[in-house]
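# Survey of secondary and tertiary structure
So the chains spell out like this:
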Amino acid sequence: MRKTYGDVVAVDRLDLEVGAGEFFTLLGPSGSGKTTTLRLIAGFELPTAGSVLLDGADVSRLPPYGRDVNTVFQDYALFPHMSVGDNVGYGLMVRRVPKKERAARVSEALEMVRLPGYEKRRPGQLSGGQRQRIALARALVNRPRVLLLDEPLGALDLKLREQMQIELKGIQKDVGITFLFVTHDQDEALTMSDRMAVFNDGRIEQAGTPAEVYESPATAFVAGFVGTSNLITGEVARAITGADGTFTVRPEKIHLAEPGDEPDPDRYSAEGIVSEVVYLGVNTRYIVQLAAGGELVVVQQNQATSSMQALAARGRQVRLVWDRHHNRPVGGADRKNEVKEIPA
Ligand code: ADP
Ligand code: MG
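Residues numbered from 1 in each chain as written. Chains lettered and ligands numbered in written order. Predicted model: local features only at pLDDT ≥ 70, side-chain atom pairs only at ≥ 80, totals over all residues. Heavy atoms only, no water.

## Some points on the packing of helix H4 (residues 128-140) against helix H5 (residues 158-175)
In contact at an axis separation of 11 Å, H4 and H5 are set at 25° when each is read in the N-to-C sense. By the angle class used here, H4 and H5 are roughly parallel. For the crossing formed where H4 meets H5, the hand is right-handed. Along the contact surface, H4 presents Gly128, Gly129, Gln132, Arg133, Leu136 and Leu140, while H5 presents Leu160, Met164, Glu167, Leu168, Ile171 and Val175. (Axes fitted to C-alpha atoms, helices over the stretch in contact; angles between N-to-C directions. Helix = DSSP H or I, 4+ residues; strand = E, 2+ residues; numbered from the N terminus. Parallel < 35°, antiparallel > 145°, perpendicular 65-115°, else oblique. Left-handed = near helix turned anticlockwise from the far one by under 90°. Contact = heavy atoms within 4.5 Å.)

Below you can see the structure in the form of structure tokens.
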């Protein structure tokens, strides 16, 4: 699928297949095409090329209300003068669903979001997290096949946000509806998704499970955007691995060892000097300047290390060691077939 606005290519060569009942996340920086993708699926935009299929049927020409899809936006505006029950049942009322059925479905939707019996409250009497769940109930009450969520937790502070991530994931599991969830927050994507797609500049760089994307980033962009990663390339790659190519290795996979220890054939190693130490409580981040050139970031848990010991490592000569299988080739290797190149 492709969507352009004049000269701006918002989404390009998008080919995405989401399974029924999946919690699927679109992750990417601002302007990478996530919202446009949701709007194309919802029917608020028409594709410049390509189509949207829902359960095999082409819905590309149907208006938003003709698609079995609902959207929850970040600025979930509830009607302040209406009760929670009327807010949740509003769409049903517009569609002239009889009052009795309406009440039953509103009550069921409130149970789904774990706010049973909240019908009589006013939005002003609710916390931010509760209001967010009411917005969710308002979408769930229509029993859509697919729920589209565009940065729904973006307005919440970090603590509430982390709480709601767990809540939302639990609700999705209970109701079994396919969730298409947009975020620019990599931790959120890794925590919540069954599968995820990483967007960059209107295209999908990689799709897969959180573990696949994190452990085997397909491109340098994914490696950098999803968690911190070390990119090893050129001369340095050759010095460490004896081969050409570009590799990534996650900072937490690298161990700090004494210089000159016996090399282990199952492991890669590189000598260097610790140039910086950042003590972070649970763990410590070390920046190591390699003798072969370049630097690697290493993160170690502070299991038996005090802050004094950690900080004393600055300026020290060390050897970095990691298992060979933690060295991931970048580019091309086992890309999933969800992401195919199709002619624009
Ligand atoms: P994201 O949600 O990932 O931040 P968007 O899908 O909103 O990204 O935007 C993708 C690109 O398309 C951006 O360059 C944006 O400026 C552009 N864009 C989105 N909507 C419009 C529009 N209605 N008119 C012109 N350009 C748009
Ligand atoms: Mg957006």
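## With respect to the side chain of Gln206
With respect to the helices, strands and loops of the structure, Gln206 is situated in strand S10 (residues 203-208). From its side chain, Gln206 meets the backbone nitrogen of Ala218 in a polar contact 2.9 Å long. (Polar contact = N/O pair within 3.5 Å; in protein donor to acceptor, adjacent residues only side chain to side chain.)

## Brief notes about the domain arrangement of the chain
Structurally, the chain comprises domain 1 (3-223) and domain 2 (225-342). The C-alpha centroid of domain 2 is placed 37 Å from the C-alpha centroid of domain 1. If you look at the interface, domain 1 gives 28 residues, while domain 2 gives 22 residues. Of the roughly 2,200 Å² buried between domain 1 and domain 2 on both sides combined, carbon and sulfur atoms contribute 52%. Applying the counting criterion to the domain 1 and domain 2 interface returns one salt bridge. As a salt-bridge pair, Lys253 and Glu215 come within 3.9 Å of each other at their nearest N and O atoms. Here domain 1 and domain 2 share nine residue pairs in polar contact (both at pLDDT 80 or more) between them. Those elements that provide at least two residues to the side of domain 1 that touches domain 2 are helix H6 (186-192), strand S9 (195-200), S10, helix H7 (210-215) and helix H8 (220-225). In terms of residue class, the side of domain 1 that touches domain 2 is built from 16 nonpolar, six polar and six charged. (Domains from an automatic or database assignment. Buried area = accessible area lost by both parts, 1.4 Å probe. Salt bridge = Lys/Arg side-chain N within 4 Å of Asp/Glu carboxyl O. Nonpolar A, V, L, I, M, F, W, Y, C, P; charged D, E, K, R; others polar.)

## So, the confidence of the model for the chain
Per-chain confidence: the chain averages 90 in pLDDT, with 95% of residues scoring 70 or above. Throughout residues 332-344 the model reports pLDDT below 50, and contacts reaching past four residues in sequence, or to other chains, amount to 25 contacts. (pLDDT = per-residue confidence, 0-100.)

## A word on a nonpolar patch on the surface
On the surface, a nonpolar cluster with roughly 280 Å² of combined accessible area is contributed by Tyr90, Met93 and Val94. Considering the arrangement of structural elements, one finds Tyr90 in helix H2 (residues 84-94). (Patch = residues over 30% accessible without salt bridge, like charges linked within 9 Å, V, L, I, M, F, W, Y side chains within 5 Å. Areas by Shrake-Rupley, 256 points an atom, 1.4 Å probe, with all protein chains shown as cover.)

## Remarks on the site of ligand 1
Around ligand 1 lies a shell formed by Tyr5, Val8, Ala10, Pro29, Ser30, Gly31, Ser32, Gly33, Lys34, Thr35 and Thr36. Between ligand 1 and the protein, one listed contact pairs an oxygen atom with a backbone N or O atom of Ser32 at 3.1 Å. For ligand 1, an oxygen atom lies 2.6 Å from a polar atom in the side chain of Thr36. Of all elements in the fold, only strand S2 (8-11) and helix H1 (34-42) reach the threshold of two or more residues within the shell around ligand 1. The class makeup of the residues in the shell around ligand 1 is four nonpolar, six polar and one charged. (Near = heavy atom within 4 Å.)

## A look at the sheet that holds strand S6 (residues 69-72)
If you trace the six strands from one edge of the open sheet to the other, you get S6-S7-S8-S3-S9-S10, paired in mixed fashion. Single-partner strands in this sheet number two, and they are S6 and S10. Put simply, the sheet's adjacent strands are angled 20° from each other on average, direction ignored. Lying on the sheet, H1 is in contact with strand S3 (23-27), S6, strand S7 (146-150), strand S8 (178-183) and S9; it crosses S7 at an angle near 150°. In the packing of H4 onto the sheet, the strands contacted are S6, S7 and S8, and the crossing angle to S6 comes to about 165°. (Pairing = 2+ DSSP bridges.)

## Things to note about the nonpolar core
Ranked by size, the top nonpolar core spans 33 residues in total, and within it Val88, Ile134, Leu136, Leu147, Leu149 and Phe179 carry the most contacts. For this core, the elements supplying multiple residues, two or more each, are H2, helix H3 (99-112), H4, S7, H5 and S8. Per-element tally for this core: the top contributor is H4, with six residues. Residues contacting Ile134, with those up to four places away along its chain left out, are Leu78, Val84, Val88, Leu110, Leu115 and Leu126. (Core = buried A, V, L, I, M, F, W, Y, C linked by side-chain atoms within 4.5 Å. Buried < 20%, exposed > 50% of the residue type's maximum accessible area, 1.4 Å probe, protein only.)

## Details of the environment of Tyr90
Here Tyr90 falls in the partly exposed class, since its relative accessible area comes to 35%. On a C-alpha basis, the gap between Tyr90 and Ser127 in space is 21 Å, while along the polypeptide they are 37 residues apart. Residues in contact with Tyr90, not counting those within four places in the same chain, are Phe79 and Met82.

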